[in-house]
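The primary structure of each chain is shown beneath.
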Amino acid sequence: MRSNLLARTLVGAVAVAGLAAGGLAAAGTGYAAPQSARTAVSARTAGIQAVNNLGLDTAHAANWQCWMARWGYNPGAIDGQLGTSSWKAAQRMFNDQGLGAGTVDGVVGPSTIRALQGYLNQYGYNLDVDGVAGPATRAAFWDFNAYC
């Protein structure tokens, strides 16, 4: 009896951990959740993706927006939230400098990250231009945006 209880407890704990990590949540919500729950999850996910500060706090992100505005690229409201308008401005700036950000769509993909890395390298950072916003890229972006 104890081993059965232990097995059920272990299975329950693994399921809870999987749901908390999101691993099992996607599989379950598509089939079991009512439409309203699926819509709420989709809306919440879209909201999270709408702003991508790449590890910057709002003060550093506002400095990046201020920097772009100073160079004549309109990032939208200087509010410390790097949303689509801010990233479109950055992509325009990168493309104008020949850094190859690709389509000006506000999406922070590998081309935009490569362009950001190349841009930061122009200011003395020694980043691998690999399109991955890893710790070195994030640290350089943070440092670059210490001031407006």
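Residues numbered from 1 in each chain as written. Predicted model: local features only at pLDDT ≥ 70, side-chain atom pairs only at ≥ 80, totals over all residues. Heavy atoms only, no water.

(A) The arrangement of the overall build of the chain in detail. A count of helical and extended segments in the chain gives 7 helices and 0 strands. Starting at the N terminus, the α and β elements of the chain follow one another as α-α-α-α-α-α-α. Burial status across the chain gives 31% buried among its 148 residues. Summarising the internal contacts of the chain: among those between residues at least 6 apart in sequence, 37% fall at separations of at least 24. Of the roughly 8800 Å² that the chain leaves accessible, carbon and sulfur atoms contribute 60%. (Helix = DSSP H or I, 4+ residues; strand = E, 2+ residues; numbered from the N terminus. Buried < 20%, exposed > 50% of the residue type's maximum accessible area, 1.4 Å probe, protein only. Contact = heavy atoms within 4.5 Å. Areas by Shrake-Rupley, 256 points an atom, 1.4 Å probe, with all protein chains shown as cover.)

(B) Structural detail: the side chain of Thr-137. The topology assignment puts Thr-137 in helix α7 (residues 135-144). Residue Thr-137 is classed as buried on the basis of its relative accessible area of 6%. At a separation of 2.9 Å, a polar atom in the side chain of Thr-137 contacts the side chain of Gln-117. When residues no more than four places from it in sequence are discounted, the contact partners of Thr-137 are Gln-117, Leu-120, Leu-127 and Val-132. (Polar contact = N/O pair within 3.5 Å; in protein donor to acceptor, adjacent residues only side chain to side chain.)

(C) Layout of α7. Listed as buried for α7 are Thr-137, Ala-140, Phe-141 and Phe-144. The buried residues of α7 all sit within an arc of 100° when viewed along its axis, so they share a single face. Where α7 is buried, its residues touch α4 (58-70), α5 (84-96) and α6 (110-121). (Arc of directions from axis to C-beta.)

(D) Quick peek at α4. Taking 1.5 Å per residue as the helical rise, α4 with its 13 residues ought to reach 18 Å, and the 18 Å between its terminal C-alpha atoms agrees with that figure. Buried within α4 are the following residues: His-60, Ala-61, Ala-62, Asn-63, Trp-64, Gln-65, Cys-66, Trp-67 and Met-68. Buried residues belonging to α4 abut α5, α6 and α7. Immediately beyond the C-terminal end of α4, within one or two residues, lies Gly-72, with a positive phi of roughly 90°. (Expected span 1.5 Å × (residues − 1).)

(E) Structural detail: the confidence of the model for the chain. Chain-level pLDDT for the chain is 78 on average; 67% of the residues reach the 70-or-more range. This stretch, residues 1-48, has a pLDDT under 50; its non-local contacts, to residues over four places away or in other chains, come to 9 contacts. (pLDDT = per-residue confidence, 0-100.)

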